[in-house]
Amino acid sequence: MGEPKTGAEFGGEQPFNCEDEANAIINDVKAHVAEICVSSKLASDATQIYLNIRTIESATCCVQVSSRGFKIVSSQYDTIDEDPRICALLRNGQHQDSEADEQEEIFETPYALLDRISPRYVESFGNQLCQQLRQLQQMRTEFHEEDEEEEEE
């Protein structure tokens, strides 16, 4: 009767693969950051991996990627800060003495994280989207012009 079906084939969630996830993230956002790479100094395992990111504005951070999401762990590459206020300062752009800053903030997507820490990420992403839409419009125009030429023949 064939091979047994996995949870993923039944519409279930696929297991989290840190390396694959990190590579997909890097390829997806590299055009919108100054630099992004897997940390060569912090140990990764089957449940988490660390990315070093420098934004277009030149802010640096180290981000933990796990099945829970994306968490800023330091404002420096290859580092995990013990003091959560340092990470809160990077996320919020200013220091506020509130308990909310003390709580860890986990972002569901790399886009949400970059949206919070890099205003120019949003601009870069929007510009790329506009460019892709213009290219699509140009392709459609060329396609319709070809159709009209064929109809005239």
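Given the structure is predicted, the values throughout are model-derived calculations rather than measurements.

## Some points on a nonpolar patch on the surface
Point 1. A cluster of nonpolar side chains, namely Phe125, Leu129, Leu133 and Leu136, defines an oily patch on the protein surface of about 370 Å² accessible area.
Point 2. Here Leu136 is to be found in helix α5 (residues 119–152).
Point 3. The partly exposed category is assigned to Leu136, whose relative accessible area is 47%.

## Concerning helix α4 (residues 110–117)
Point 1. Among the residues of α4, Pro110, Leu113, Leu114 and Ile117 are the ones counted as buried. When α4 is viewed along its axis, its buried side chains cluster within an angular range of 95 degrees and face the same direction.

## Focus on the nonpolar core
Point 1. Core analysis: the biggest nonpolar cluster contains 20 residues, and Ile36, Val63, Leu113 and Leu114 have the highest contact counts within it.
Point 2. Among the secondary structure elements, those contributing two or more residues to this core are α1 (18–29), β2 (48–54), β3 (60–66), β4 (69–74) and α4.
Point 3. Element by element, the count of residues in this core is highest for α1, at 5 residues.
Point 4. Setting aside residues up to four positions removed in sequence, Leu113 forms contacts with Val63, Phe70, Ile72 and Phe107.

## Considerations on unusual backbone geometry
Point 1. Despite not being glycine, Ser58 has its phi angle at roughly 75 degrees, a positive value.
Point 2. With respect to the secondary-structure elements, Ser58 resides in the loop between β2 and β3.
Point 3. Owing to a relative accessible area of 52%, Ser58 belongs among the exposed residues under this scheme.
Point 4. In this structure, Asp78 takes a positive phi of about 55 degrees despite not being glycine.

## What about the sheet that holds β4?
Point 1. Strand order in the open sheet formed by 4 strands is β1-β2-β3-β4, and the pairing between neighbours is antiparallel. The open sheet has two edge strands, β1 (35–38) and β4, and neither has a second partner. Strand-to-strand twist in this sheet, taken as the mean axis angle between neighbours without regard to direction, amounts to 30 degrees.
Point 2. By the bridge criterion, 4 bridges tie β1 to β2 in an arrangement that is antiparallel. For Cys37, the partnering residue across the bridge sits in β2 and is Asn52.
Point 3. Along the sheet, α1 contacts β1, β2, β3 and β4; its crossing angle with β2, the most-contacted strand, is approximately 20 degrees.

## So, the packing of aromatic side chains
Point 1. As enumerated under the stated definition, the model contains 1 aromatic pair in all.
Point 2. Measuring from ring centre to ring centre gives 6.0 Å for Tyr121 and Phe125, while their planes differ by 35 degrees; the resulting arrangement is tilted. With Tyr121 and Phe125 both in helix α5 and 4 residues apart, the pair spans about one turn of that helix.

## Regarding the confidence of the model for the chain
Point 1. When pLDDT is averaged across the chain, the result is 81; 73% of the residues are at 70 or more.
Point 2. Contacts for the low-pLDDT stretch residues 94–102, under 50 throughout, to residues beyond four places or in other chains number 10 contacts.

## A short note on the pairing of β3
Point 1. Burial analysis of β3 places 6 of its 7 residues in the buried class, the great majority of the element.
Point 2. Hairpin connection from β2 to β3: 5 residues lie between these consecutive antiparallel strands, with Ser58 at a positive phi of about 75 degrees.
Point 3. Looking at chain direction, β3 and β4 are connected through 5 bridges and run antiparallel. The residue of β4 that forms the bridge with Cys62 is Ser74.
Point 4. Once β3 ends, the chain turns through 2 residues before running back antiparallel as β4.

Criteria and cut-off values
Residues numbered from 1 in each chain as written. Predicted model: local features only at pLDDT ≥ 70, side-chain atom pairs only at ≥ 80, totals over all residues. Heavy atoms only, no water. Patch = residues over 30% accessible without salt bridge, like charges linked within 9 Å, V, L, I, M, F, W, Y side chains within 5 Å. Areas by Shrake-Rupley, 256 points an atom, 1.4 Å probe, with all protein chains shown as cover. Salt bridge = Lys/Arg side-chain N within 4 Å of Asp/Glu carboxyl O. Helix = DSSP H or I, 4+ residues; strand = E, 2+ residues; numbered from the N terminus. Buried < 20%, exposed > 50% of the residue type's maximum accessible area, 1.4 Å probe, protein only. Arc of directions from axis to C-beta. Core = buried A, V, L, I, M, F, W, Y, C linked by side-chain atoms within 4.5 Å. Contact = heavy atoms within 4.5 Å. Pairing = 2+ DSSP bridges. Axes fitted to C-alpha atoms, helices over the stretch in contact; angles between N-to-C directions. Phe/Tyr/Trp six-rings, centres within 6.5 Å; stacked < 30°, edge-to-face > 60°. pLDDT = per-residue confidence, 0-100.

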